[in-house]
Number of protein chains: 2
Amino acid sequence: MNRMSPGTQEDRAAATRLNILDAAEALFRSMGYQKTAVADIARELRMSPANVYRFFASKSAINEAIAERLLAGVAGDLDAIANGPGAAADRLRGMMRLLHARHMALFFKEKRMHDMVTAAMAEHWGVVAAFIARVESALGRVLADGAARGEFGALDAAATARMIKQATLCWMHPVLIAESLAKNLTDEIRMAGELESMLDLLIKGLRPDH
Amino acid sequence: MNRMSPGTQEDRAAATRLNILDAAEALFRSMGYQKTAVADIARELRMSPANVYRFFASKSAINEAIAERLLAGVAGDLDAIANGPGAAADRLRGMMRLLHARHMALFFKEKRMHDMVTAAMAEHWGVVAAFIARVESALGRVLADGAARGEFGALDAAATARMIKQATLCWMHPVLIAESLAKNLTDEIRMAGELESMLDLLIKGLRPDH
DNA sequence: GGTCTGAAAGAATCCGTCAGTCGTCAGAGC
DNA sequence: GCTCTGACGACTGACGGATTCTTTCAGACC
């Protein structure tokens, strides 16, 4: 193939893909995934619905790409903490706090996000699973580091990472957060406090045996 | 009021209530809550639907009473372990194992139980909340006992009980169990093993500071 | 020739209808 | 007087037709 200058075509296409993602994300956030039609996204960008399909195979694929981008951002921030300085216990705390804060912002700052998230979880579990794996991996690295430094006792990093994820699930899982808030079992402030207590207990359990 | 012998009327009424509960529970288990009509329950007992309403205000109230009976049974078994002999840590383990086992049996031995449970959780949260409170109370007593004996470090029994409940939520919560099994994240055997690991970690965290 | 569109097929969702169920009441039977 | 029934309104959930949305494709435009 020949072209004007190397990468021009691909660059334009990539830019359009990004524009579509931005417009779609804004619409999904403000009016919800279900209520947003592909025609709405196209109108926003002054193009035809058909043209959107030149860049994404389906509406669902657009949502998948948005979810991927979003979760990659969170995972990146998480890695930064994991690889940063400080005691392993503090990094662990920081990571779980970040995860909780992001989840709260994601699901409850903009109410309409809910069906966007549930659609992603139902249709693109792979993306979510990859994110969870990345979270567990980052946790595992911090745990292994802490163990190597003698800050924690001997441990199976992967298995322990999973335990920490499971133990703090109710501060991270959309369904559980929604249930807690809906049933008035707790509020945003108390939730954050309880997460700290849980982290205290877990980190104490990780300390060396004597 | 006068009557033949003391308590006769009330006894008959109580017996009929029990009969209705037994018949309803059997039907709910075998054909599901939604699919069971009050007429089905009445037919089973050779009475008219209307008569059932003399003993229960609604089909939903029948489900509430069944849930209450069921959960009271589990809570009783839990109390027995809590008040029994043995190290506090072992009793704690036993209690969580029992809860996990009962939940698994409840929700997945008989598939039809599912909508009975979800209906109870949606319509009669009070019953479930009371059960959870009783579980936390029993856990709290064991924790306080363990702390008094020096088996555990100083702790806030109520708050710590809640932490333990939260940390093990994913082995107890119907939605989470269903999700794990549906997504093939784990199976019944591995789940039990992971619960043990979590209990190891938590109990280690509870030990006195040195 | 590559980029995009309008029109149209196929899929999903909404909405009005209706059978069947829940829950009530006056009154029959003991 | 207590226990129960049969018959009646209120309501829910299921079905089918109409509408809207997703996706495709032949062809217009530059």
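Rules behind the numbers
- Residues numbered from 1 in each chain as written.
- Chains lettered and ligands numbered in written order.
- Predicted model: local features only at pLDDT ≥ 70, side-chain atom pairs only at ≥ 80, totals over all residues.
- Heavy atoms only, no water.
- Helix = DSSP H or I, 4+ residues; strand = E, 2+ residues; numbered from the N terminus.
- Buried < 20%, exposed > 50% of the residue type's maximum accessible area, 1.4 Å probe, protein only.
- Contact = heavy atoms within 4.5 Å.
- Areas by Shrake-Rupley, 256 points an atom, 1.4 Å probe, with all protein chains shown as cover.
- Lys, Arg positive; Asp, Glu negative; His and termini not counted.
- Charge placed at Lys NZ, Arg CZ, Asp CG, Glu CD.
- Least-squares fit on C-alpha atoms with pLDDT ≥ 70 in both.
- Salt bridge = Lys/Arg side-chain N within 4 Å of Asp/Glu carboxyl O.
- Phe/Tyr/Trp six-rings, centres within 6.5 Å; stacked < 30°, edge-to-face > 60°.
- Lys NZ or Arg CZ within 6 Å of the ring centre and 35° of its normal.
- Near = heavy atom within 4 Å.
- Polar contact = N/O pair within 3.5 Å; in protein donor to acceptor, adjacent residues only side chain to side chain.
- Core = buried A, V, L, I, M, F, W, Y, C linked by side-chain atoms within 4.5 Å.
- Nonpolar A, V, L, I, M, F, W, Y, C, P; charged D, E, K, R; others polar.
- Buried area = accessible area lost by both parts, 1.4 Å probe.

To continue, consider the overall build of chain A. Secondary structure summary: chain A contains 10 helices and 0 strands in total. Of the regular secondary structure in chain A, the N- to C-terminal order runs α-α-α-α-α-α-α-α-α-α. Each of the three principal axes of chain A carries a C-alpha extent, and together these read 65 × 50 × 25 Å. The buried share of chain A, reckoned over its 210 residues, is 46%. Considering only intrachain contacts with a sequence separation of at least 6, the fraction spanning at least 24 residues in chain A is 69%. When the accessible surface of chain A is summed, it comes to about 10500 Å², and 56% of that surface belongs to carbon and sulfur atoms. A distance of 4 Å separates the average location of the 26 positive side-chain charges in chain A from that of its 25 negative side-chain charges.

The set of residues buried in helix α9 (residues 174-182) of chain B consists of Pro174(B), Leu176(B), Ile177(B), Glu179(B) and Ser180(B). The secondary structure elements touched by the buried residues of α9(B) are α7 (125-148) and α9 (174-182) of chain A together with α5 (88-108), α6 (113-123) and α10 (188-206) of chain B. Positive phi shows up at Asn184(B), right after α9(B), with a value of about 55 degrees.

On to the relation of the copies chain B and chain A, then. When chain B is brought onto chain A, the operation consists of a screw motion whose angular component is 179 degrees and whose axial shift is 0.0 Å, with 0.2 Å RMSD remaining. Accordingly, the operation relating the two chain copies is best matched by a two-fold axis. Taken together, the interface assignments show that 100% of the residues at the interface of chain B recur at the interface of chain A, consistent with an identical surface on both copies.

Attention now moves to the pattern of salt bridges. Side chains that differ in sign of charge can pair as their charged atoms come close. A complete count under the given rule lists 31 salt bridges over all chains for this structure. One salt bridge connects Asp200(A) with Arg93(A), and the closest N-O pair in it is separated by 2.6 Å. Here Arg93(A) lies in helix α5 (residues 88-108) and Asp200(A) lies in helix α10 (residues 188-206), a separation of 107 residues in the sequence. Residue Arg93(A) is classed as buried on the basis of its relative accessible area of 17%. The shortest N-O distance in the salt bridge between Arg69(B) and Glu25(B) comes to 2.7 Å. Note that Arg69(B) is positioned in helix α4 (residues 59-83) and Glu25(B) in helix α1 (residues 8-31), a separation of 44 residues in sequence. A relative accessible area of 11% places Glu25(B) in the buried class.

Moving on: the packing of aromatic side chains. With the rule as written, the count across this model stands at 2 aromatic pairs over all chains. Taking 4.9 Å as the distance between ring centres and 75 degrees as the angle between the ring planes, the aromatic pair formed by Phe28(A) and Tyr33(A) counts as edge-to-face. When sorted by exposure, Phe28(A) lands in the same class as Tyr33(A), which is buried. When the ring centre of Tyr33(A) is taken as origin, the NZ or CZ atom of Lys59(A), which lies over that ring, is 4.6 Å away. Directly above the ring of Phe55(B) sits Arg54(B), whose terminal nitrogen or CZ lies 5.4 Å from the centroid.

Surveying the vicinity of DNA strand D reveals 15 residues, the closest of which are Val38(A), Tyr53(A), Lys59(A), Ser48(B) and Ala50(B). Taking the atoms of DNA strand D that fall within 4 Å of the protein, sugar and phosphate contribute 68% of them. A distance of 2.8 Å separates a phosphate oxygen of DNA strand D from a polar atom in the backbone of Val38(A). At 2.3 Å, a side-chain N or O of Tyr53(A) approaches a phosphate oxygen of DNA strand D.

Once that is clear, we can look at the nonpolar core. Counting 82 residues, the largest nonpolar core has Leu92(A), Leu99(A), Leu139(A), Leu92(B), Leu99(B) and Leu139(B) as the members making the most contacts within it. Discounting chain neighbours no more than four positions away, the residues touching Leu99(B) are Val74(B), Leu78(B), Phe131(B), Val135(B) and Met172(B).

Before going further, it helps to examine the protein's contact with DNA strand C. Close to DNA strand C lie Met47(A), Ser48(A), Ala50(A), Asn51(A), Arg54(A), Thr36(B), Ala37(B), Val38(B), Ala50(B), Tyr53(B), Ser58(B) and Lys59(B), which account for all nearby residues. Tyr53(B) is positioned with one of its side-chain polar atoms (N or O) 2.6 Å from a phosphate oxygen of DNA strand C. A total of 3 residues in the surface near DNA strand C trace back to one element, the largest contributor, which is helix α3 (residues 49-55) of chain A. Residues of the surface near DNA strand C, tallied by class, amount to 6 nonpolar, 4 polar and 2 charged.

Turning next to the interface of chain B and chain A. Quoted interface sizes are often the accessible area lost when the parts come together. On the chain A side, the residues contacting the 27 residues of chain B number 27 residues. With both chains or domains summed, chain B and chain A bury close to 2500 Å², and 65% of this area falls on carbon and sulfur atoms. For the interface between chain B and chain A, the tally reads 3 salt bridges. Ionic pairing is found between Glu194(A) and Arg162(B), a salt bridge with its closest N-O pair at 2.2 Å. Taken together, the connections running from chain B to chain A amount to 8 residue pairs in polar contact (both at pLDDT 80 or more). The leading source of residues in the side of chain B that touches chain A is α10(B), at 9 residues.

Quick look at unusual backbone geometry now. All names here are of chain A. One non-glycine residue, Arg46, lies in positive phi territory at about 55 degrees. Positionally, Arg46 belongs in the loop between α2 (38-44) and α3. Judged by its relative accessible area of 80%, Arg46 falls in the exposed class.

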